[in-house]
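Observations on the model geometry
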Amino acid sequence: APAKAPTAEYGAYILRYQDCMLCHGEDLRGGDPNGLGPVGPSLAMVKGWTLEQFSTTLRTGVDPNGHELDNAKMPWRSVGRMDDDELAAVYAYILDVHNK
């Protein structure tokens, strides 16, 4: 594992062991291209959020637009238990992927 820090590299590590890419895709652009697994949305919308909005969404289950996440489909309750550095790392990785 990379050193724990609010970096995109550490965020990539977290997303892999949390299995986020199973639903959101290897490139976090949504879905399973093979149609074999669950289909999650693209995480490109996070580009328009601040780190605080991202962290709040994963800790409360409500995004900045007031949309409530379904914990059965997106396990925000467990993901929201990550500490500030871990959430910042995930946020950094998502921004990195979607800015390429």
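Our structure's up above, just so we're on the same page.
Remember, it's a predicted structure, so these values are computed and weren't measured experimentally.

**Focus: helix α5 (residues 84–98)**
If you check α5, its first and last C-alpha atoms are 21 Å apart, about what 15 residues at 1.5 Å a residue would give, namely 21 Å. For α5, a buried count of 11 out of 15 residues is recorded, marking the element as mostly surrounded by other parts of the structure. Packed against the buried residues of α5 are α1 (8–17), α2 (20–24), α3 (51–60) and α4 (76–79).

**Here's the deal with the nonpolar core**
Within soluble globular proteins, side chains that are nonpolar tend to cluster in buried spots. If you look at the biggest cluster of nonpolar residues, it comprises 23 residues, and the most contacted ones within it are L15, L28, F54, V90, Y93 and I94. Elements with a minimum of two residues in this core: α1, α2, α3, α4 and α5. If one sorts the elements of this core by residue count, α5 sits on top with 8 residues. Non-local contacts of V90, meaning those with residues more than four positions away in its chain, are made with G11, I14, L15, F54 and M82.

**A word on the pattern of salt bridges**
Inspection of every chain in the model, using the stated rule, returns 5 salt bridges. Two residues, E26 and R16, come together in a salt bridge whose shortest N-O distance is 3.1 Å. One end of the pair, E26, is in the loop between α2 and α3; the other, R16, is in helix α1, and 10 residues separate them in sequence. Owing to a relative accessible area of 46%, R16 belongs among the partly exposed residues under this scheme.

**Some remarks on the packing of α1 against α5**
One can describe the packing of α1 onto α5 by two numbers: an axis separation of 7 Å at closest approach and a directional angle of 100°. The orientation of α1 with respect to α5, classified from their angle, is roughly perpendicular. Every residue of α5 that contacts α1 at A8, Y10, G11, A12, I14, L15 and R16 is listed here: E86, A89, V90, A92, Y93 and D96. Residues belonging to the contact of α1 with α5 are distributed by class as follows: 9 nonpolar, 1 polar and 3 charged.

Rules used in this analysis
- Residues numbered from 1 in each chain as written.
- Predicted model: local features only at pLDDT ≥ 70, side-chain atom pairs only at ≥ 80, totals over all residues.
- Heavy atoms only, no water.
- Helix = DSSP H or I, 4+ residues; strand = E, 2+ residues; numbered from the N terminus.
- Expected span 1.5 Å × (residues − 1).
- Buried < 20%, exposed > 50% of the residue type's maximum accessible area, 1.4 Å probe, protein only.
- Contact = heavy atoms within 4.5 Å.
- Core = buried A, V, L, I, M, F, W, Y, C linked by side-chain atoms within 4.5 Å.
- Salt bridge = Lys/Arg side-chain N within 4 Å of Asp/Glu carboxyl O.
- Axes fitted to C-alpha atoms, helices over the stretch in contact; angles between N-to-C directions.
- Parallel < 35°, antiparallel > 145°, perpendicular 65-115°, else oblique.
- Nonpolar A, V, L, I, M, F, W, Y, C, P; charged D, E, K, R; others polar.

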